[in-house]
Amino acid sequence: MIIKRDFYLQNLINSQGNGLVKIVTGGRRSGKSFLLFNIFHNHLIESGITEDHIIELSLDDRKNKEYRDPDLLLEYIENKVKDKGKYYVILDEIQFVEDFVEVMLSLMHNSQFEVYVTGSNSKFLSKDIATEFRGRGEEIRVWPLSFAEYYSAVGGDKRAAWNEYYTFGGLPQVLLMETDEKKMEYLRTIFELTYINDIFERNKLKNPEGFKQLVQVIASGIGSPTNPTRIANTFRSGEKIVIKESTIRNYLTYMEDAFLIEEAKRFDVKGRKYIGTENKYYFTDLGLRGISLNFRQQEETHIMENIVYNELRRRGYLVDVGVVEKWETNNEGQRKRKEFEIDFVINKGSERVYIQSAYQMPTHEKIVQEQNSLLNVRDSFKKLIIVWDDIKEKVDDNGIITVSLLDFLLDNYKL
């Protein structure tokens, strides 16, 4: 089964010839290697590039261990050059190479090379690429399958596909599993042996049981505001292992470094500043989230919010949690501050959209509740409510747009 990943392929195509190292990042088993070695490789061939001008190495393969030596790797690549044409260098899991940044920068001194590399750990975080590659690197982040990518492969009834997707997530290999049992077994293996063990080994954790319990706490509370202090109190008040606040901060960073979760900061819309009190955490894949809890908590409301967050990030938006304050006067004439939350405030360049994720709005009271925070934003940017219900797009008198979840996820509605 070939799953089209046209969004990422187009990003790779658009980046050709820009003089930068193309750095493909993302979590383990999210499809980075397949994207480069299959989808992009086929595109190059179809574009007239010959096989001898495509230099590929999987550096996590034991057979290529010798090329983890930076000098041997450079020698191998340079010996492949036989003419003055363009050569496409594609290196998978480049973090296995010592001094890999210097290797990439050395290759960029030769204008014949177009360089593409993948990496799956903290050495490839966005915040490090600009500094380590001295402005010579461009990140292309790959996420697990979006619902649109997933549905393009499975087809059939959209609601049935959604039920599978929100339960087992979007890791590409999951689609090849024929039964729920096999899907769960695969997810458990990837979660334990690939994600968790990698975090343990890389960060030399001394309290693995505490770390696993923290993962479960975050998985259980996706979309709920929290912070290390509150989490530490949760551990103290329950029967869980006691973990210090500073340790929790480190553990959360390790989870982000492994592309297991992402943090969404709370943003004061009117004050135009970040509020450093409580933030939200979302899992980059809902199958990994589900297996961490043995699929005990499958609340579709929170899962829907998590999937909307992932879709917004996949599309390249910066995503914050919005907070809007409003002062109201009660019957006694006292003024009190009331706080409203906007699920997502998204930005890309000059674009901004305010978004509420609402599973259902069956009553007038629920509609008012969802609209309140949006109505208290006094600017002209687009305001959107995404609902589970199968409805056509509509706009009310206040200019608030309501669209169905599946239309949004299947790109039938463009922001």
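All figures in this text were calculated on a predicted structure; none of them were measured in a lab. Counting from 1, residues in each chain are numbered in the order their sequence is written. pLDDT decides what is reported in this predicted model: residues at 70 or higher carry local features, side-chain atom pairs at 80 or more are listed and counted, and totals for whole chains, interfaces and linings draw on all residues regardless. Think of the side-chain values as coming from all heavy atoms in the structure, minus any hydrogens and water.

The next thing to look at is the overall build of the protein. Along the protein, the regular secondary structure elements total 15 helices and 13 strands. Radius of gyration: over C-alpha atoms. The globule rule applied is 2.2 Å multiplied by the number of residues raised to the 0.38 power. The globule rule puts the C-alpha radius of gyration for 415 residues at 22 Å, and the 23 Å found for the protein is close to it. Projected onto its principal axes, the C-alpha coordinates of the protein cover approximately 85 × 50 × 45 Å. When the 415 residues of the protein are sorted by exposure, 52% land in the buried category. What makes two residues a contact is simply this: any of their non-hydrogen atoms within 4.5 Å. Relative to all contacts within the protein whose residues are 6 or more apart in sequence, the contacts with residues 24 or more apart total 66%. Of the accessible surface of the protein, which amounts to about 19,800 Å², a share of 46% is contributed by carbon and sulfur atoms. Only runs of H or I of at least four residues qualify as helices and only runs of E of at least two qualify as strands under DSSP, and these elements are numbered from the N terminus. With a 1.4 Å probe rolled over the protein chains alone, any residue whose accessible area is under 20% of its type maximum counts as buried; one over 50% counts as exposed, and the rest are partly exposed. Residue-level accessible areas treat just the shown protein chains as cover; the underlying method is Shrake-Rupley with a 1.4 Å probe.

One can find glutamate 262 in strand β6 (residues 261-268). Polar contact criterion, stated in full: a pair of N or O atoms within 3.5 Å, where within protein one must be able to donate a hydrogen and the other to accept it, and residues adjacent in sequence count only if both atoms are side-chain atoms. Reaching out from glutamate 262, the side chain makes a polar contact with the side chain of arginine 141 at a distance of 3.0 Å. A distance of 2.8 Å separates the side chain of glutamate 262 from the side chain of arginine 313, its partner in a polar contact. When neighbours within four sequence positions are excluded, glutamate 262 is seen to be in contact with Arg141, Trp143, Glu256, Lys280, Tyr281, Tyr282, Thr284, Tyr309 and Arg313.

Among the structural elements, tyrosine 151 can be located in helix α6 (residues 147-154). Sequence separation between tyrosine 151 and tyrosine 165 is 14 residues, and the spatial gap between their C-alpha atoms is 8.8 Å.

Two strands pair under a simple rule: DSSP has to find at least two bridges between them. Across the sheet, 8 strands lie side by side as β7-β6-β8-β9-β10-β11-β13-β12; this open sheet has mixed pairing. Strands with a single pairing partner mark the edges of an open sheet, and in this sheet they are β7 (273-283) and β12 (394-395). Sheet analysis places β6 next to strand β8 (residues 318-329), joined by 3 bridges and oriented parallel. Considered in β8, the bridge of arginine 266 is made with valine 321.

As a further point, take the nonpolar core. Grouped together as the largest cluster of nonpolar side chains are 75 residues, with contacts concentrated most on Phe147 and Trp162. Examining the composition of this core, we find that 8 residues originate from one element, helix α8 (residues 180-203), more than from any other. Aside from chain neighbours lying at most four places away, what touches phenylalanine 147 is Lys158, Ala161, Trp162, Tyr165, Leu406, Leu409 and Leu410. Grouped together as the second largest cluster of nonpolar side chains are 26 residues, Leu59, Val89, Leu107 and Met108 included. Residue types Ala, Val, Leu, Ile, Met, Phe, Trp, Tyr and Cys, when buried and joined through side-chain atoms within 4.5 Å, form a set referred to as a nonpolar core.

Let us now look at unusual backbone geometry. The backbone of arginine 29 shows a phi angle near 65°, a positive value even though the residue is not glycine. One can find arginine 29 in the loop between β1 (21-25) and α2 (32-46). A positive phi angle is found at asparagine 294, which is not glycine, with a value near 55°. In this fold, asparagine 294 is placed in the loop between α12 (286-292) and α13 (300-314).

Attention now moves to the pairing of strand β11 (residues 382-387). Taken residue by residue, a regular strand's side chains alternate between the two faces of the sheet. Extensive coverage of β11 is indicated by the burial of 5 of its 6 residues. With the strands pointing away from the viewer, any crossover whose connection runs clockwise from the first strand over the helix to the second is right-handed. Taken together, strand β10 (residues 351-358), helix α14 (residues 364-375) and β11 form a β-α-β motif whose crossover is right-handed.

Looking now at α14. When the terminal C-alpha atoms of α14 are compared, their 15 Å separation across 12 residues agrees well with the 16 Å that a helix rising 1.5 Å per residue should span. What α14 keeps buried is the set Glu370, Gln371, Ser373 and Leu374. Seen from one end, α14 has its buried residues packed into an arc of 155°, which puts them on one side. Facing away from the buried side of α14, by more than 90 degrees, are the exposed residues His364, Glu365 and Gln369. On the buried face of α14, the contacting elements are β8, β9 (335-348), β10 and β11. Under the convention used throughout, the expected extent of a helix is 1.5 Å for every residue step, that is, one less than its residue count. By definition, the arc is the one covered by directions from the helix axis to the C-beta atoms.

The subject of this paragraph is helix α10 (residues 228-237). Along α10, the positions that sit buried rather than exposed are Pro228, Ile231, Ala232 and Phe235. Taken around the axis of α10, the buried residues stretch over an arc of 100°, which confines them to a single face. Among the structural elements, α9 (208-220) and α11 (245-257) are those in contact with the buried residues of α10.

It is worth spelling out the environment of aspartate 285 at this point. Take aspartate 285: it is sitting in the loop between β7 and α12. Under the relative-accessibility criterion, aspartate 285 is labelled buried at 3%. Sequence spacing of aspartate 285 and arginine 314 is 29 residues, and the spatial spacing of their C-alpha atoms is 12 Å. Ignoring sequence-local partners within four residues, the contact set of aspartate 285 consists of Pro144, Phe168, Gly169, Gly170, Leu171, Leu187 and Asn310. Among the polar contacts listed, one links the side chain of aspartate 285 to the backbone nitrogen of leucine 288, at a separation of 3.0 Å.

Quick look at the packing of aromatic side chains now. Centre distance within 6.5 Å is the pairing criterion for rings of Phe, Tyr and Trp, where only the six-membered ring of Trp is used; planes under 30 degrees apart are then read as stacked, over 60 as edge-to-face, and the remainder as tilted. Across all of its chains, the model carries 19 aromatic pairs by this definition. Consider the rings of phenylalanine 147 and tyrosine 151, whose centres lie 6.1 Å apart with planes at 25°: the pair is stacked. Here phenylalanine 147 pairs with tyrosine 151, and both are found in helix α6, just 4 residues apart, close to one helical turn. On the basis of relative accessibility, which here comes to 1%, the residue phenylalanine 147 falls in the buried class. For tyrosine 151, a relative accessible area of 18% corresponds to the buried category.

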